[in-house]
Amino acid sequence: MISIVWNRFRKNRLAIAGMAVISVIAMIAVLAPVIAPYDPAAIDVYNTLSSPTWGHPLGTDDLGRDVLSRMIWGSRVSLKVGFVAVGIAILIGIIIGSAAGFYGGKTDAILMRFVDIMLCFPTLFLILAVIAVLEQSISTIMIIIGLTSWMDVSRLVRAEILGLKERDFVLAAKAVGASDFRVIFRHILPNALSPVFVSATFGVAGAILIESGLSFLGLGVQPPDSSWGNILASGRENITVAWWMSLYPGLAILVTVLSYNLVGEGLRDALDPRLWRSEN
Amino acid sequence: MMIPLIFGITLVSFTVIHLAPGGPVEVETEMSLKASAQARENMKKLYGLDKPLHVQYTDWLGRFVKLDFGKSFVDGKKVIDKIAERIPITLKINLLSLVLIFCAAIPIGVLSATRQYSLFDRITTIFVFVGFSTPAFWLALICMFVFGVTLGWLPISGIQSIDTSGMNLSARIVDQTKHLILPVCISAFGGIAGLSRYSRSSMLEVIRQDYIRTARAKGLKELYVIRRHALRNALMPVVTILGLSVPGLIGGAVIFETIFSIPGMGQLFYQSTLSRDYPTIMGILVIGAVLTLIGNFLADLSYALIDPRIRISKE
């Protein structure tokens, strides 16, 4: 199964390109302390708002900090936010979705109504409201994004489980006396995960966009820590004099998010059995 | 159906606000350390914070039914008045964006579906992926720089010029339109990308159906087949998605209105978040969710308009 999916995925050149970009960015994030040419928080008052030069390939910001170094460190934030937030979302989504799908009846009705309610809130409103209440830090942001984006996963998991729970292998597992927990996690879920993978990949893209938006509004990662969003925020204040502060971080977000979306699309096509047949 | 949802919305909003360690009073008074114990007590009484949680909730719910969200911490104005003042602007921009999304995305989707793998299809596919991945606030920034600062074609903030007194009606309309172009286009941008992709795949599915083959076989013109037989069926899932995009648009208002300094609900929400103005936050949170609910309801209604099966089954 995995080799079939990989073979199909491999043929999708855009998805492979996306994957390559993601790997490079992940490497940059991990190696940030080594490859960043300057200390991302080092202020240089004699060299503020310098346009791109050999010394500072992407210029400096209003405090003379090197934009390239700040962006390299910022990639860590994006990586972390993307994966932690989506991890939380998937965990909650799987628990709620499998409980609803497996037990059905009242449990299902109540949980799915809760999903409907959560979906009514414009995501940014909910996030901002929580930010207003709690202290602003990167961990708060990651947790809030996770807590407000699990609904799609839970619906996907529920739908998969509804389709699987009457199948013979599940009934067999129940017949030999496996506990509900074991039946769900050991027998059903492994067969229900492919749409979750796809949704997770798109989810990482979404989480990166939300984090950068929040940091842009000054509600996310706070300076002197750098994130692509907060470099853009100071870029906005200096847009008439320093276009490089606005252009490059935005491109970084665009390319990263695009890569995750391409991989997600490639995964979806590769995992969709309906498309396997039509091609052969 | 809608009542339990609204009830749930209030419950979630209430919970969110009471996550605060120490509650709203602590936060408000920590700004001014001089606040005496007596003042704190008074405030607690004022907001009913000395009562048990369920009593607070039912009290608040009782006032919510009368649309009384209390008074703003910042300027003491009634929250409902502050929101009512700003809602029309937000709704206007959102509606215009929705119309723009609908008018742009569906033709793009239909054209690229009927010409699958053509140059046009390839270009729009690229556009869709890039559009979907572009941070909207960055796009706004770039457009402000290009059209506002460099070219000087469009104003970059507010919804009208500061001094409109010397203008006659038509000049005022032109002025407002100019101010709206950037915010509306940019808030519609992501939606256009997403929805055109969606209508493309929906259309592709429909034109492979037997009834389309039948329509062609009986000699109808291609344009007629597409417009009359395919489009209606392809539109149905698109309308649902359009309904689902309402919360995104309303939430996005926070970012656009802040960037373009538009005095709408989103900007108010942003300002209230910064100043931790809980009554206002709670009011907007609930109203935003209810607006979404209404949006979904309208999408269901229009669904019934285009799908004869639903109309018949209801009669």
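In what follows, the structure referred to is the one given above.
Residues numbered from 1 in each chain as written. Chains lettered and ligands numbered in written order. Predicted model: local features only at pLDDT ≥ 70, side-chain atom pairs only at ≥ 80, totals over all residues.

For chain A, the count of helices and strands is 14 helices and zero strands. Start at the N end of chain A and walk to the C end: the helices and strands fall as α-α-α-α-α-α-α-α-α-α-α-α-α-α. Its C-alpha atoms put chain A at 75 × 50 × 30 Å along the principal axes. Scored against the burial criterion, the 280 residues of chain A give a buried share of 49%. The contacts in chain A between residues at least 6 apart in sequence include a share of 69% that link residues at least 24 apart. (Helix = DSSP H or I, 4+ residues; strand = E, 2+ residues; numbered from the N terminus. Buried ≥ 20, exposed ≤ 12 C-beta atoms within 10 Å, placed from the backbone. Contact = placed C-beta atoms within 7 Å.)

Bringing the environment of A:A252 into the picture now. All names here are of chain A. Mapped onto the fold, A252 is located in helix 13 (residues 244-271). With 24 C-beta atoms counted inside 10 Å, the residue A252 sits in the buried group. Along the chain, A252 and G218 lie 34 residues apart, while their C-alpha atoms are 19 Å from each other.

Attention now goes to helix 2 (residues 13-30) of chain A. All names here are of chain A. Here helix 2 contains 18 residues, and its C-alpha end-to-end distance of 26 Å stays within 8% of the 26 Å for a straight helix at 1.5 Å per residue. Among all positions in helix 2, only A15, G18, I22 and I25 are buried. Viewed end-on, helix 2 has its buried residues packed into an arc of 85 degrees, placing them on one side of the element. Pointing more than 90 degrees away from the buried face of helix 2 are the exposed residues R13, A20, S23 and M27. On its buried side, helix 2 packs onto helix 1 (2-11), helix 4 (67-103) and helix 13. (Expected span 1.5 Å × (residues − 1). Arc of directions from axis to C-beta.)

Once that is clear, we can look at the nonpolar core. Ranked by size, the top nonpolar core spans 152 residues in total, and within it A:L128 and A:A129 carry the most contacts. With 17 residues, helix 4 of chain A is the largest single contributor of residues to this core. If we ignore the near neighbours within four places in the chain, the residues touching A:L128 are A:L219, B:V254, B:F269 and B:T273. (Core = buried A, V, L, I, M, F, W, Y, C linked by C-beta atoms within 7 Å.)

Often, the extent of an interface is quoted as the loss of accessible area upon association of its parts. Facing 36 residues of chain A, the contacting portion of chain B comprises 38 residues. Counting only elements with at least two residues in the side of chain A that touches chain B, the list comes to helix 5 (105-120), helix 6 (123-133), helix 11 (194-216), helix 12 (228-237) and helix 13 of chain A. With nine residues, the top contributor of residues to the side of chain A that touches chain B is helix 6 of chain A. Grouping the constituent residues of the side of chain A that touches chain B by class yields 26 nonpolar, seven polar and three charged. (Nonpolar A, V, L, I, M, F, W, Y, C, P; charged D, E, K, R; others polar.)

Our focus in this paragraph is helix 8 (residues 151-164) of chain A. Residue and element names in this part refer to chain A. With 14 residues, helix 8 ought to run about 20 Å at 1.5 Å a step, and its terminal C-alpha atoms sit 20 Å apart, in line with that. Of the residues making up helix 8, those classed as buried are M151, V153, S154, R155, L156, V157, R158, E160 and I161. The inward-facing, buried residues of helix 8 contact helix 4, helix 5, helix 10 (180-192) and helix 11.

Once that is clear, we can look at the packing of helix 9 (residues 210-217) of chain B against helix 10 (residues 222-244) of chain B. All names here are of chain B. Taken N-terminus to C-terminus, the directions of helix 9 and helix 10 make an angle of 150 degrees; their axes are 10 Å apart at the nearest point. The pairing of helix 9 with helix 10 is recorded here as roughly antiparallel in orientation. Along this stretch, helix 9 crosses helix 10, giving a crossing that reads as right-handed. Where helix 9 approaches helix 10, its residues Y211, I212, A215 and R216 are matched on the opposing element by V225, H229 and A230. (Axes fitted to C-alpha atoms, helices over the stretch in contact; angles between N-to-C directions. Parallel < 35°, antiparallel > 145°, perpendicular 65-115°, else oblique. Left-handed = near helix turned anticlockwise from the far one by under 90°.)

Residues and elements named next belong to chain A. Along the chain, the position of N238 falls in the loop between helix 12 and helix 13. Residue class for N238 comes out partly exposed when judged on the 16 C-beta atoms lying within 10 Å of it. Residues N238 and L49, 189 residues apart in the sequence, show an inter-C-alpha distance of 8.6 Å. When residues no more than four places from it in sequence are discounted, the contact partners of N238 are L49, D62 and M245.

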